[in-house]
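Results of the structural survey
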Amino acid sequence: MTFALIDCNNFYASCERVFNPSLAGHPVVVLSNNDGCVVARSAEAKALGIPMGAPYFKIERDFRRSGGVALSSNYPLYADMSNRVMSLLAGFSPNQEVYSIDECFLGMTGFHELTSIGQDIRQKVKQWTGLPVCVGFGPSKTLAKLTNHVAKKRPEWNGVCDLTALSPREQDALIGGLDVSEVWGVGRRIAARLQAMGITTVRQLRDADPAHIRRAFSVVLERTVLELQGTSCLALEEIAPAKQQIMVSRSFGQPVYELADLENAVGSFVDRAAEKLRSQNSCAGAVMVFAQTSPFRDTPQYGRSITVPNSTATDDTLHLTSAATAGLKSIYRDRFAYSKAGVMLIELIDRELVPRDLFSCDEQRGKSAALMAALDKVNARFGRGALTTGAAAAGEIWRMRQDRKSPSYTTSWDDLIRIKR
């Protein structure tokens, strides 16, 4: 088996630079919801020592003095650019697993001249989307991810590292100097325990006894050791498995006090969650809704959640909204400054396996299915939110703050770049 892992470099910041070339060379950070914390950094921002997750208000003064630019998250832009990249990469192999918004695995068994293919991938993605990527090849997914890290961090590899082309001695030299914490799935706590056992490098973990690792840790880390030894234990997931629960929540741009505003927020969250639910052909047996104040504000604290069961599992936005609204009303208390709310669809089941309800007829179910199909079709054609329920269409006092958001260059006609002749 041979795998490739393709990863976009500094993805969010790189997306911003594609449409705003003046950002090139400047430290760039992208901020979380409500412009709170740093969630992405350009190479220049990393060089300044800005940590991931840093509250922006703590670093703003020094960052701006260094010529840095901070931007609000522009998720529609990032999602659209991700789709373009993944579509391009699908042309290089019939087997693809989209692992995250900026990473994907390709099955490369039977392909030759992998370094050349990797450079072709980099050149095509850069030319067609403007985004830089690095490529790693290995006989397992764990090794492909590790070699991608090498390709990204070591300039001498020119963005592509093919472990399968190296001799055993060269492989030992390559991974012998890598800290064990660089291994996919080895977090800070596991790394600390491994280091206490004398396993500090990737090579030492690879050479460890898998059975001993299983006894000391888990079967998951045992598989990691086997993967490092070249035994493929993780297959490509070409079809993403259906989610077992679907959650949509947001922190508000300003405190919300009124029940009507909370209902509007929750209605919007149900709209989005139900759309995701239908896209994976599932129905929800229950809805969990929550609302809470901010623990970081010097105000009275309150937070509560409730689960509302459905009489029959459903994917109907109207029914799910009714359940969520009823739950919200039961937990709402006035005079509190709510800072966050959300909904979670649980007890998910395949639509074809939902038991029939004796108290609803086929005609009612057919009308519901037709209405939801029309809703999704309209929103797919005219943009999300073009058609919503009444609960989600009221005021937007709760919307998150995005004071530094760039235009929606690829998802809004009004924001398309205009080239003057």
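I will try to describe carefully the structure that is included in this document. In this text the structure is predicted, and so the values were computed from the model without any measurement. (Residues numbered from 1 in each chain as written. Predicted model: local features only at pLDDT ≥ 70, side-chain atom pairs only at ≥ 80, totals over all residues. Heavy atoms only, no water.)

1. Topic: the nonpolar core
One recurring pattern in soluble globular proteins is that nonpolar side chains are buried together. In plain terms, the rule: Definition used in this section: a nonpolar core is a set of buried Ala, Val, Leu, Ile, Met, Phe, Trp, Tyr and Cys residues joined via side-chain atoms within 4.5 Å. For each residue, the accessible area found with a 1.4 Å probe, counting protein chains only, is set against the maximum for its type, and the residue is called buried under 20%, exposed over 50%, and partly exposed in between. Going along the chain from the N terminus, every DSSP run of H or I of four or more residues is numbered as a helix, and every run of E of two or more is numbered as a strand. Throughout, a contact is declared for two residues whenever any of their heavy atoms are within 4.5 Å.
One finds Phe252, Leu262, Val266, Leu320, Tyr338, Val343 and Leu345 to be the most contacted residues of the largest nonpolar core, which totals 30 residues. Of all the secondary-structure elements, those providing two or more residues to this core are strand E9 (246-256), helix H12 (259-279), strand E10 (282-293), helix H13 (317-331) and strand E12 (338-350). Discounting chain neighbours no more than four positions away, the residues touching Val266 are Val289, Ala324, Leu328, Ala341 and Val343. Counting residues in each nonpolar core, the second largest holds 29 residues, with Ala40, Met86, Leu89 and Leu114 among its members.

2. Observations concerning the pairing of E12
Selection rule: Any two strands with at least two DSSP-identified bridges between them are counted as paired.
One ladder, built from seven bridges, connects E9 with E12; its direction is antiparallel. Residue pairing for E12: Val248 is matched across the bridge by Val343. Where E10 lies against E12, eleven bridges are found, and the strand directions are antiparallel. Considered in E12, the bridge of Val287 is made with Leu345.

3. Some remarks on the layout of surface pockets
Quick note on the threshold: Grid points spaced at 1 Å over the protein atoms alone were grouped into cavities, where a 1.4 Å probe fits but cannot get out, and pockets, open sets with protein on both sides within 12 Å along at least five of seven lines, with lining residues defined by an atom within 4 Å of a point. Grid points are joined across faces, edges and corners, and a volume is the space filled by probe spheres set on the points. Polarity classes work like this: nonpolar for Ala, Val, Leu, Ile, Met, Phe, Trp, Tyr, Cys and Pro, charged for Asp, Glu, Lys and Arg, and polar for all others, with Gly in that last group.
Here the second largest pocket defines a volume of roughly 990 Å³. Lining the second largest pocket are 38 residues, and of these Asp7, Cys8, Asn10, Lys46 and Lys152 sit closest to its centre. Counting only elements with at least two residues in the lining of the second largest pocket, the list comes to strand E1 (3-8), helix H1 (11-19), strand E3 (38-41), helix H2 (43-47), helix H5 (114-129) and helix H6 (141-153). In terms of residues, the lining of the second largest pocket owes the most to one element, H6, which gives seven residues. Looking at the lining of the second largest pocket, its residues break down into 17 nonpolar, eight polar and 13 charged.

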